[in-house]
Amino acid sequence: MTISKREAPSFLQVAQKTLSDFGLPRIIIMSTFILLLVLSWVNGMNVPSLFGDVLRRWGMFGILVLAMVPGIRCGIGPNFGVTVGITGGLLGAVLSVEMRYIGMFDFIAHNPTLFGLTGAFVAIIIGVSVATVMGILYGMLLNKVKGSEMAVSVYVGFSVVNLFNMVWFLIPLTASILLFPAGGQGLRLLFNLRDDFGGVLNNLGQFRIYFGEHNSMNVPTGLLVVFFICCICMWLFTKSRLGMMMTAAGSNPEYARASGINVEKMRILGTTISTALGALGIIVYAQSFGFIQLYNAPQWMGFLLVAAVLIGGASIRRARVFDVLLGTFMLQGILTIALPLINVMLPDVPALPEILRLIITNGIILYALSKAKGG
């Protein structure tokens, strides 16, 4: 009796499998990003400065995109309703500014860095606490609509944003920077964080790398460190016993129940973590942006965040921290470089960069929706 040996795969088969695993869309997007860098250099643009902006936007959006991982792994799919957590984070930021205005942080006003870090920390504590409660309720709701989570999450996100529109108008605060100048009733659409925690993480340990006399790249060390710490914590959580139970509940609920795992509780846990990360992420985003935007500003953010993680290689059932790192970097890299490049190449069409931004943004959203089928 002879035992036939399995033939080793050919180089072509290995290459085809590698290409299939990595994904053609990711290869196209990475190639586009590299092409944009080359074109920027050819057109005499400050490429190191542009790359520094890419790093800043990578850290700005990174934690918000990271919020997709627990949602996907617990079984609710891409969390289009992450705006539930974002609104909780905005409430924390607003209350932190109000506390600064009434003098609660005056004892450390002599130290700008400590003053800003304290304001950001208070905003995070309040925002994440509010988002956690909202996330538990949100997870309980999604347990009632199994199979339609993605559609329901969109409507939940829109509903919460509009509910908070009334909150922003009726909340009884006193800080003049927050209130409409005429009448003093309701919060402004946008207010500056310069005197609060604006840029506190970006400025923490930042340094500049020079490439010649005129080209330089700014590295927002503190912002990137916070983002990487969150990524490491999420990776460790996915490898923990609780994280693996949550993943099992999301990938194979029947097997998880047979193993004694409470699938409903795991889904609520993943939804709550995703919502809390949304609150943390919007505060990190706001301090880097330098402003807080209220009312309908966060309404469509969930679509961009879902698109970023899907571009990184995630699916509606599987997501890794690496997908977040890669997808966020590529998406923000293209948006950061393409718009000023078009402005340089076609200076006679002033509206073209904004048109291109809308095309790229909506194209990415369309890509996300086409990948997130079945919901």
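The model shown is predicted, which means the values in this text are computed figures rather than measured ones. (Residues numbered from 1 in each chain as written. Predicted model: local features only at pLDDT ≥ 70, side-chain atom pairs only at ≥ 80, totals over all residues. Heavy atoms only, no water.)

**Brief notes about the nonpolar core**
Core analysis: the biggest nonpolar cluster contains 101 residues, and Leu 66, Trp 168, Leu 187 and Leu 294 have the highest contact counts within it. Counting residues per element, this core draws most heavily on helix α13 (residues 321–345), at eleven residues. For Leu 294, the contacting residues outside a window of four places in its chain are Leu 90, Val 94, Trp 168, Leu 187, Arg 188, Leu 189 and Phe 191. Ranked by size, the runner-up nonpolar core spans five residues in total, among them Met 99, Ile 108, Phe 115 and Val 122. (Core = buried A, V, L, I, M, F, W, Y, C linked by side-chain atoms within 4.5 Å. Buried < 20%, exposed > 50% of the residue type's maximum accessible area, 1.4 Å probe, protein only. Helix = DSSP H or I, 4+ residues; strand = E, 2+ residues; numbered from the N terminus. Contact = heavy atoms within 4.5 Å.)

**Quick notes on a nonpolar patch on the surface**
Where nonpolar side chains cluster on the molecular surface, the patch consists of Ile 34, Val 38, Trp 41 and Val 42 and spans about 450 Å² of accessible area. With respect to the helices, strands and loops of the structure, Ile 34 is situated in helix α2 (residues 24–42). (Patch = residues over 30% accessible without salt bridge, like charges linked within 9 Å, V, L, I, M, F, W, Y side chains within 5 Å. Areas by Shrake-Rupley, 256 points an atom, 1.4 Å probe, with all protein chains shown as cover. Salt bridge = Lys/Arg side-chain N within 4 Å of Asp/Glu carboxyl O.)

**A closer look at the packing of aromatic side chains**
The tally for this structure, following the rule as stated, stands at 15 aromatic pairs. An aromatic cluster of three or more residues is present, and its members are Phe 33, Phe 51, Trp 58, Phe 227, Phe 228 and Phe 329. (Phe/Tyr/Trp six-rings, centres within 6.5 Å; stacked < 30°, edge-to-face > 60°.)

**Quick word on the side chain of Thr 118**
You can see Thr 118 is positioned in helix α6 (residues 112–143). One polar contact links the side chain of Thr 118 to the main-chain carbonyl oxygen of Leu 114, over a distance of 2.7 Å. The residues contacting Thr 118, other than those within four sequence positions of it, are Phe 105 and Ile 108. (Polar contact = N/O pair within 3.5 Å; in protein donor to acceptor, adjacent residues only side chain to side chain.)

**Thoughts on the pattern of salt bridges**
With the rule as written, the count across this model stands at six salt bridges. As a salt-bridge pair, Glu 149 and Arg 267 come within 2.8 Å of each other at their nearest N and O atoms. With Glu 149 in helix α7 (residues 149–170) and Arg 267 in helix α11 (residues 263–289), this residue pair connects regions lying 118 residues apart in the sequence. Of the residues examined, Arg 267 reaches a relative accessible area of 6% and is grouped as buried.

**Quick word on helix α8 (residues 221–239)**
Compared with the 27 Å implied by 1.5 Å per residue over 19 residues, the 27 Å span of α8 between its first and last C-alpha is a close match. Inspection of α8 places Gly 222, Leu 223, Leu 224, Phe 227, Cys 230, Cys 231, Met 234, Phe 237 and Thr 238 among the buried residues, and these make up the whole buried set. Packing partners of the buried residues in α8 comprise α3 (47–66), α4 (68–74), β3 (215–219), α9 (241–251), α11 and α13. (Expected span 1.5 Å × (residues − 1).)

**Observations concerning the pairing of strand β2 (residues 207–211)**
By the bridge criterion, five bridges tie β2 to β3 in an arrangement that is antiparallel. From the neighbouring strand, Tyr 210 faces β3, where its bridge partner is Ser 216. Connecting β2 to the antiparallel partner β3 that follows it, the hairpin turn spans three residues, and Gly 212 within it adopts a positive phi of roughly 85°. (Pairing = 2+ DSSP bridges.)

**A closer look at the packing of α3 against helix α12 (residues 301–311)**
Relative to each other, α3 and α12 sit at 85°, their axes nearing to 9 Å. As judged from the angle between their axes, α3 and α12 are roughly perpendicular. Residue-level inspection shows Phe 61, Leu 64 and Val 65 of α3 in contact with α12, the latter providing Met 301, Leu 305, Ala 308 and Val 309. A per-class count over the contact of α3 with α12 returns seven nonpolar, no polar and no charged. (Axes fitted to C-alpha atoms, helices over the stretch in contact; angles between N-to-C directions. Parallel < 35°, antiparallel > 145°, perpendicular 65-115°, else oblique. Nonpolar A, V, L, I, M, F, W, Y, C, P; charged D, E, K, R; others polar.)

**So, helix α5 (residues 83–101)**
Spanning 19 residues, α5 covers 27 Å between terminal C-alpha atoms, matching the ideal 27 Å at 1.5 Å per step. Counted residue by residue, α5 has 17 buried out of 19 residues, so it is predominantly covered. Just downstream of α5, Gly 103 is the residue with a positive phi angle, here 95°.

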